[in-house]
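Spelled out from the first residue to the last, the chains are:
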Amino acid sequence: MQITDVRVRKVAKEGKLKAVVSITMDDEFVIHDIKVIEGEKGLFIAMPSKKALDGEYRDIAHPINSGTRDRIQNTILKKYEEILTEETVEE
């Protein structure tokens, strides 16, 4: 599985949520609403989720293993950093 496209939509307002991302895998499958969040230890991603009947949030789609999660997170955060760098250069 290869990530063939990453689309980042920065969030303008202040807060922990920095961007919302869509990724395409193998030019055939898209996952929308992956969040880039600023945590205490730095940036991380949160997979799309919805609120269950018990009030807890559950991921709608997520990687099965940590290696895949790391690959997705690293790809998304690299693209997010590229966008930040491009904005800094344009200013």
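Thresholds, definitions, all that
- Residues numbered from 1 in each chain as written.
- Predicted model: local features only at pLDDT ≥ 70, side-chain atom pairs only at ≥ 80, totals over all residues.
- Heavy atoms only, no water.
- Core = buried A, V, L, I, M, F, W, Y, C linked by side-chain atoms within 4.5 Å.
- Buried < 20%, exposed > 50% of the residue type's maximum accessible area, 1.4 Å probe, protein only.
- Helix = DSSP H or I, 4+ residues; strand = E, 2+ residues; numbered from the N terminus.
- Contact = heavy atoms within 4.5 Å.
- Pairing = 2+ DSSP bridges.

S.K.: Sorry if this is basic, but what is going on with the nonpolar core here?
M.R.: In globular proteins that are soluble, nonpolar side chains generally tend to be buried together. In terms of nonpolar packing, the biggest core is built from 16 residues, with Val-8, Val-21, Ile-23, Ile-34, Val-36, Ile-45 and Ile-76 touching the most fellow members. For this core, the secondary-structure elements that each account for two or more residues are β1 (3-10), β2 (17-25), β3 (29-39) and α1 (66-90). Of all the elements, α1 adds the most residues to this core, at 5 residues. Once residues lying within four places of it in the same chain are set aside, the contact partners of Val-8 are Ala-19, Val-20, Val-21, Lys-79, Tyr-80 and Ile-83.

S.K.: I'm lost on the pairing of β3 in this one. Help?
M.R.: Sheet faces and side chains relate simply in a regular strand, where the side chains alternate between the two faces. Here 7 bridges tie β2 to β3, and the two strands are oriented antiparallel to one another. Among the inter-strand pairings, Met-25 is bridged to a residue of β3, identified as Phe-29. Turn length for the β2-β3 hairpin, with the two strands adjacent in sequence and antiparallel, is 3 residues, and the turn residue Asp-26 shows positive phi of about 50°. Note that β3 and strand β4 (residues 42-46) share 5 bridges and pair antiparallel. Residue pairing in the sheet places Gly-39 in a bridge with Gly-42 of β4. With antiparallel pairing between neighbouring strands as the criterion, β3 and β4 make up a hairpin whose turn holds 2 residues.

Everything listed is a geometric property; what it means functionally is a separate question.
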